[in-house]
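# A look at the structure
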There are 2 protein chains.
Amino acid sequence: MTDVTRRRNAAATRQALLEAARDRFIRLGYEGTTLRDVAADVGVNLALIKRYFSSKEGLFKAAVAATPRFLGRDDGIPGDVHSLADALSHQLSAGAWPEFGEHPVLMLLRAAGDERVDALRGQALLDAALQVLAAAGHSSVDDADDDLLLRAELLVALGVGVAVVRSATGLQPLRDATAGQLSSPLRDVVTALIEPPTNAP
Amino acid sequence: MTDVTRRRNAAATRQALLEAARDRFIRLGYEGTTLRDVAADVGVNLALIKRYFSSKEGLFKAAVAATPRFLGRDDGIPGDVHSLADALSHQLSAGAWPEFGEHPVLMLLRAAGDERVDALRGQALLDAALQVLAAAGHSSVDDADDDLLLRAELLVALGVGVAVVRSATGLQPLRDATAGQLSSPLRDVVTALIEPPTNAP
DNA sequence: CCGCCATGTCAACAAATGATGACTTAGCTG
DNA sequence: CAGCTAAGTCATCATTTGTTGACATGGCGG
């Protein structure tokens, strides 16, 4: 945004536009984001967006492509239920994602009815559920029955819900919960969902 | 909408407008809903909305006021953790809310940045969390420590997440999950959150 | 039957917003 | 330095959408 090395530097300007757009898309959704505001954030003329991204939809797709998925990041895939719970705690803690302001999954969820984005969004959530299953020791989809997949998706839904609730309300203490505070309850949930207490004969 | 008894009947027309608006607000959010579409749904002129609700914001607030809260409905407040889990299973099952199409909580979450709606939304979610606490045997807020409140809010977030994920994606098997299928996992989650397995000394 | 008033329609305005082509300027290259 | 091209600006258009005042009309009370 305030990059000094951006004097008639196309790549840097394009990048700045992308970041400004991503920030607004995450906070305000597709409809709520105006191209004029994005251009103003960067201090550049509206028409440049057309040059670099063709249209608002092009800008949105580029922003989506440049945003990490739900359980994706660089943390690597958690190998067991405990590290999965820890990864969730960190992803859902208050200070996480300082570069986005909100949880990046919100951008996907606030998208317009575009077909390609819909597919991307569904895939991202399914991927997350599969990662949960992997952490539970199931390497392939067919390895798990529908009930287990449903349980994994419920865990993903919990993550989505936390992100949504935090961004939409000031609900305390959830709003400011740290990873440390989330850790204990989330461990309980993960364990209960993926390793039910009394289910084996 | 297709009420035959609606020939120059102000009350019925007003009600039809309210229902059409509610449906669109829930599915498409505040920004995504246009007054022209709402009027067209009812088969009435756009200007009538101004007459009955003053403005789009007035229409939205009326729709919010006429929509049940999260754990509110008429089911009554669940008295223990098991009936709480069952109530959740039913509220979050695929066929629930036939009169809205989606879970009504989505209307609150997709609201514009209006101050009063923000407050309403926060209050609705807090109420839901308090109901969860009540089901856990805590009659007042002060009765519970922050950790327990956080756990209750996580359960509410799970509900919100399920509603959001279902409305935004075709994620299976969550999308079509019945109350029966949700029951077992949700019981595990509720128990784990509200009655942690190994916490007492 | 007739007029009145609630009910509803019509046409038009203004603001916001995405899209677009013509124009300008800075910085490199020869 | 001259000039060409990429980078950026400007003014404007078309569309959508909320808002609004003037107008039409149907049913009910007298």
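As the structure is a prediction and not an experimental result, all values here were calculated from the model.

## Describing the protein's contact with DNA strand C
- Close contacts around DNA strand C come from 22 residues, with Arg8(A), Arg8(B), Asn45(B), Arg51(B) and Tyr52(B) the closest.
- Atoms of DNA strand C within 4 Å of the protein belong to the sugar or the phosphate in 49% of instances, the rest to bases.
- Within the contact set of DNA strand C, a phosphate oxygen lies 2.9 Å away from a side-chain nitrogen or oxygen of Lys56(A).
- Elements supplying a minimum of two residues to the surface near DNA strand C: helix H2 (35-42) and helix H3 (47-53) of chain A together with helix H1 (10-32) and helix H3 (47-53) of chain B.
- For the surface near DNA strand C, the element with the highest residue contribution is H3(B), accounting for four residues.
- The class makeup of the residues in the surface near DNA strand C is eight nonpolar, six polar and eight charged.

## Focus on the protein's contact with DNA strand D
- Around DNA strand D, the structure places 21 residues, and the nearest of them are Asn45(A), Arg51(A), Tyr52(A), Arg8(B) and Arg36(B).
- A share of 48% of the atoms of DNA strand D within 4 Å of the protein falls on sugar and phosphate groups.
- Between a base oxygen of DNA strand D and a side-chain N or O atom of Arg8(B), the distance comes to 2.5 Å.
- Side-chain polar atom of Lys56(B) to a phosphate oxygen of DNA strand D: 2.9 Å apart, as the coordinates give it.
- In terms of residue count, the dominant contributor to the surface near DNA strand D is H3(A) (four residues).
- For the surface near DNA strand D, the residue count by class is eight nonpolar, six polar and seven charged.

## Looking at the side chain of Arg24(B)
Residue and element names in this part refer to chain B.
- Checked against the element boundaries, Arg-24 lands in helix H1.
- Arg-24 sits in the buried class, given a relative accessible area of 15%.
- Setting aside residues no more than four positions away along its own chain, Arg-24 makes contact with Gly-29, Thr-33, Asp-37, Val-38 and Asp-41.

## Some remarks on the relation of the copies chain B and chain A
- With an axial shift of 0.0 Å and an RMSD of 0.1 Å, the rotation relating chain B to chain A amounts to 180°. Expressed as a symmetry operation, the mapping of one chain copy onto the other fits a two-fold axis.
- Most of the interface of chain B is mirrored in chain A, where 100% of its interface residues again form contacts.

About the thresholds
Residues numbered from 1 in each chain as written. Chains lettered and ligands numbered in written order. Predicted model: local features only at pLDDT ≥ 70, side-chain atom pairs only at ≥ 80, totals over all residues. Heavy atoms only, no water. Near = heavy atom within 4 Å. Polar contact = N/O pair within 3.5 Å; in protein donor to acceptor, adjacent residues only side chain to side chain. Helix = DSSP H or I, 4+ residues; strand = E, 2+ residues; numbered from the N terminus. Nonpolar A, V, L, I, M, F, W, Y, C, P; charged D, E, K, R; others polar. Buried < 20%, exposed > 50% of the residue type's maximum accessible area, 1.4 Å probe, protein only. Contact = heavy atoms within 4.5 Å. Least-squares fit on C-alpha atoms with pLDDT ≥ 70 in both.

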